[in-house]
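# Analysis of the macromolecular model
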Amino acid sequence: MRYADPSANRDLLGNRTLLFIFICAFALVTLLQQILYGRNYIKRGLQFGWQNGDPLANWTGFFNVTDDPAVAVQSGSDSNSRYFEFYEGPFEYNSTRCLELRHEILEVKVLSMVKQSELFDRWKSLQTCKWAMNISEANQFKSTLSRCCNAPAFLFTTQKNTPLGTKLKYEVETSGIYHINQEIFRMFPKDMPYYRSQFKKCAVVGNGGILKNSRCGKEINSADFVFRFHKLEKWRRPFYRVLQVYENASVLLPAFYNTRNTDVSIRVKYVLDDFESSQAVYYFHPQYLVNVSRYWLSLGVRAKRISTGLILVTAALELCEEVHLFGFWAFPMNPSGLYITHHYYDNVKPRPGFHAMPSEIFNFLHLHSRGILRVHTGICSCC
């Protein structure tokens, strides 16, 4: 009689048992990953939050959750119950979470303190918060600008602040002095055409590649006043036609930056007169530009010359109640890590060392976090 193996058909450590063990192990690993992944999202506040009695955002679907001491969350009360909620809108400006996110930006005092990727992560997280103007912070900052720069009185060269016969110093000192004669004196407005906080909402539109495909046109045009940047066309008629796109517009030029700019700026005035254009031509006051540069130098912007964008943002903060920035970004990647062109119309880089664009944008992010102005770097959904 043949011997019968008692383990036959039992598969004590066979393929089926090993498969069962593998499935159990895989399920356990997956469960742990989900738990850790979920905790990370709770910590970052990107998708979920914990209700602690303050209005963090717009929430629906409250579920009582057992208090787990292993999960590190901040609580403003001693309650033993927390609520797990589904996020369906931006966090409120004054919520605990948004205060923390703004602090994460403001605690970076200089750009070199963090890696670029870390700054991007902090900025992206802050986009989950609504923005609101901090009136006390904004008024204090504008008061400082009034003392140092005073755009409502000195942004433009006028007959009032630059009388006939004035020996006007150029912004670049090596260019010397320009004697204000009758010809150019007639080109100046009698006084500044704009006054302090004249406009409720202003948009300052930079040329950064981040503006491309942002769909922000309607939101920009909804502002009460828009500051734009354009390079001068080489020929008279194309230059005139470009300006006619903006009917109720004025042209502002750095005529007294250096001697070459003076000649070009005067020709611009004559061209518009020849075409009988109603658009006014104004010239930056060189002392205003010097004062603005000194002010931003005191805040860490060290460059041969600050950008025209920073100059106009500074002016807008005095002329407007609320300032919104579009197309301002100085990094080769957007906040999501995707490569973008330097300008929205080309990828020509500036001269190395001439501007300090990353430092300027870093200051804008700080002003955004303080509620002084708003920086738009994502897709717009206005109107």
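These numbers come from a predicted model, not from an experiment.

## Some thoughts on the overall build of the chain
A count of helices and strands for the chain gives twelve helices and eleven strands. Scored against the burial criterion, the 383 residues of the chain give a buried share of 41%. Relative to all contacts within the chain whose residues are 6 or more apart in sequence, the contacts with residues 24 or more apart total 74%.

## Regarding the nonpolar core
Judged by nonpolar contacts, the single largest core of 58 residues is most densely connected at Leu155, Val204, Tyr288, Trp296, Leu325 and Phe364. Elements with a contribution of two residues or more to this core: helix H2 (96–106), helix H3 (116–126), helix H4 (135–148), strand S6 (199–205), helix H10 (286–298), helix H11 (308–319), strand S10 (320–326) and helix H12 (357–369). Residue contributions to this core peak at eight residues, all from H11.

## Some points on the state of the cysteines
What the rule picks out here adds up to four disulfides. Between the sulfur atoms of Cys202 and its disulfide mate Cys320 the distance is 2.0 Å. The chirality of the disulfide connecting Cys202 with Cys320 is left-handed, given an S-S dihedral of about -85°. Taken together, the residues span a long stretch of sequence, with Cys202 in strand S6 and Cys320 in strand S10 at a distance of 118 residues. For the residue pair Cys202 and Cys320, the accessibility class agrees, reading buried in each case.

## With respect to helix H9 (residues 259–274)
Its 16 residues give H9 an end-to-end C-alpha distance of 23 Å, which sits within 8% of 22 Å, the value for a rise of 1.5 Å per residue. Among all positions of H9, only Asn261, Thr262, Ser265, Ile266, Val268, Val271 and Leu272 are buried. On its buried face, H9 sits against strand S5 (177–179), helix H6 (182–185), helix H8 (236–244), strand S8 (251–253) and strand S9 (281–283). Where H9 terminates, the next one or two residues include Glu276, which has phi positive at roughly 55°.

## Considerations on the side chain of Thr314
Structurally, the position occupied by Thr314 is in helix H11. A polar contact of 2.7 Å, which involves the side chain of Thr314, links it to the backbone oxygen of Leu310. Setting aside residues up to four positions removed in sequence, Thr314 forms contacts with Leu145, Tyr288, Val292 and Trp296.

## Topic: the packing of H4 against H10
Across the interface, H4 lies against H10 with an axial gap of 10 Å and an inter-helix angle of 130°. When the axes of H4 and H10 are compared, the pair comes out oblique. For the pair H4 and H10, the crossing hand works out as right-handed. In this structure, H4 uses Phe141, Thr144, Leu145 and Cys148 to contact H10, whose residues at the interface are Asn291, Tyr295 and Trp296. For the contact of H4 with H10, the class distribution of residues is five nonpolar, two polar and no charged.

## Regarding the pattern of salt bridges
According to the stated counting rule, one finds twelve salt bridges in the structure shown. Overlapping salt bridges bring together Glu107, Glu118 and Arg122 as one network.

## Remarks on the pairing of S10
The element S10 is largely enclosed, with a buried count of five among its seven residues. In this region the chain leaves S10, passes through H12 and returns to the parallel neighbour strand S11 (residues 374–376); the handedness of that crossover is right-handed.

## Here we look at the sheet that holds strand S7 (residues 225–227)
Spatially, the four strands line up as an open sheet ordered S7-S6-S10-S11, and their pairing is parallel. Only two strands of the sheet have a single partner each, and these edge strands are S7 and S11. Going from strand to strand, the sheet's axes swing by 25° on average, the running direction of each strand aside. When S6 meets S7, the two strands line up parallel, connected through three bridges.

## Description of H12
Counted at 1.5 Å a residue, the expected span for H12 with its 13 residues is 18 Å, and the 18 Å between its end C-alpha atoms agrees. Burial runs high along H12: eleven of the 13 residues are buried. Restricting attention to buried positions, one finds in H12 the residues Ser359, Glu360, Ile361, Phe362, Asn363, Phe364, Leu365, His366, Leu367, His368 and Ser369. In the stretch just after H12, Gly371 is the one whose phi turns positive, near 80°.

Analysis parameters
- Residues numbered from 1 in each chain as written.
- Predicted model: local features only at pLDDT ≥ 70, side-chain atom pairs only at ≥ 80, totals over all residues.
- Heavy atoms only, no water.
- Helix = DSSP H or I, 4+ residues; strand = E, 2+ residues; numbered from the N terminus.
- Buried < 20%, exposed > 50% of the residue type's maximum accessible area, 1.4 Å probe, protein only.
- Contact = heavy atoms within 4.5 Å.
- Core = buried A, V, L, I, M, F, W, Y, C linked by side-chain atoms within 4.5 Å.
- Disulfide = S-S within 2.5 Å.
- Expected span 1.5 Å × (residues − 1).
- Polar contact = N/O pair within 3.5 Å; in protein donor to acceptor, adjacent residues only side chain to side chain.
- Axes fitted to C-alpha atoms, helices over the stretch in contact; angles between N-to-C directions.
- Parallel < 35°, antiparallel > 145°, perpendicular 65-115°, else oblique.
- Left-handed = near helix turned anticlockwise from the far one by under 90°.
- Nonpolar A, V, L, I, M, F, W, Y, C, P; charged D, E, K, R; others polar.
- Salt bridge = Lys/Arg side-chain N within 4 Å of Asp/Glu carboxyl O.
- Right-handed = clockwise from strand over helix to strand, strands pointing away.
- Pairing = 2+ DSSP bridges.

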